[in-house]
Amino acid sequence: MPHIAVVPGSFDPITIGHYDIIKRALPLFDEVIIAIGTNSQKKYLFSLEDRLSMIEKVFADEPKVKTDTYKGLTVNYCKSIGAKYLLRGIRSVGDFEYERTISQLNNSLSPELETVFFICQPQYSHVSSTIVREIMLGKADASKLLPPGLEGLTV
Ligand code: ADP
């Protein structure tokens, strides 16, 4: 059975922080699926198509990385594709508290699903999609917070 990890998130847009944890996790898994969860109630800056094509561009040379989208519960999506691992990043104590709750909930709904956490590198602990969006909407250059291949991205 291949070891498949799902990286769930909005990726609005993908940042250097996401990129860093995904790259570091690659040796552990046979396949890493970056899955964009869609929520019709939520407003996004970038369209789903744009977010997917950004991720595909960034990981074009990584055969282990796939992209997908899903609706509904992450645990149901993981079950439907046979993924046994979730990959999440932790930047701060705030992230830890949030991630612990979600991980324990997911594990109670789906005991065979394990969440694997990567602590972010210190230089990326201030990086978030929210900050990137603010910078772009303020017409400043967010290149330093974006993964390789997306430099110069604007809204
Ligand atoms: P959501 O839409 O669920 O808020 P995000 O795209 O913000 O999703 O985050 C998805 C995952 O990426 C989360 O586990 C989050 O902690 C992690 N992450 C976000 N930014 C960073 C970063 N700078 N370093 C490490 N992990 C990060």
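Just so you know, these numbers come straight off a predicted model, no measurement behind them.

1. Side note on the site of the ligand
Taken together, 15 residues lie around the ligand, and S10, H18, G89, Y124 and V127 are the ones closest in. Between an oxygen atom of the ligand and a side-chain N or O atom of S10, the distance comes to 2.5 Å. Within the backbone of Y124, an N or O atom sits 2.9 Å from a nitrogen atom of the ligand. Compared with its free state, where it exposes 560 Å², the ligand has 84% of that area covered by protein. Counting only elements with at least two residues in the shell around the ligand, the list comes to β1 (4–9), α1 (16–25), β4 (85–90) and α4 (93–109). Here the shell around the ligand takes three residues from α1, the largest share from any one element.

2. Details of a nonpolar patch on the surface
Side chains of L45, L137 and V155 sit close together on the surface and give an oily, nonpolar patch of about 230 Å² of accessible area. Its location among the elements puts L45 in the loop between β2 (31–38) and α2 (48–58).

The rules we used
Residues numbered from 1 in each chain as written. Predicted model: local features only at pLDDT ≥ 70, side-chain atom pairs only at ≥ 80, totals over all residues. Heavy atoms only, no water. Near = heavy atom within 4 Å. Polar contact = N/O pair within 3.5 Å; in protein donor to acceptor, adjacent residues only side chain to side chain. Areas by Shrake-Rupley, 256 points an atom, 1.4 Å probe, with all protein chains shown as cover. Helix = DSSP H or I, 4+ residues; strand = E, 2+ residues; numbered from the N terminus. Patch = residues over 30% accessible without salt bridge, like charges linked within 9 Å, V, L, I, M, F, W, Y side chains within 5 Å. Salt bridge = Lys/Arg side-chain N within 4 Å of Asp/Glu carboxyl O.

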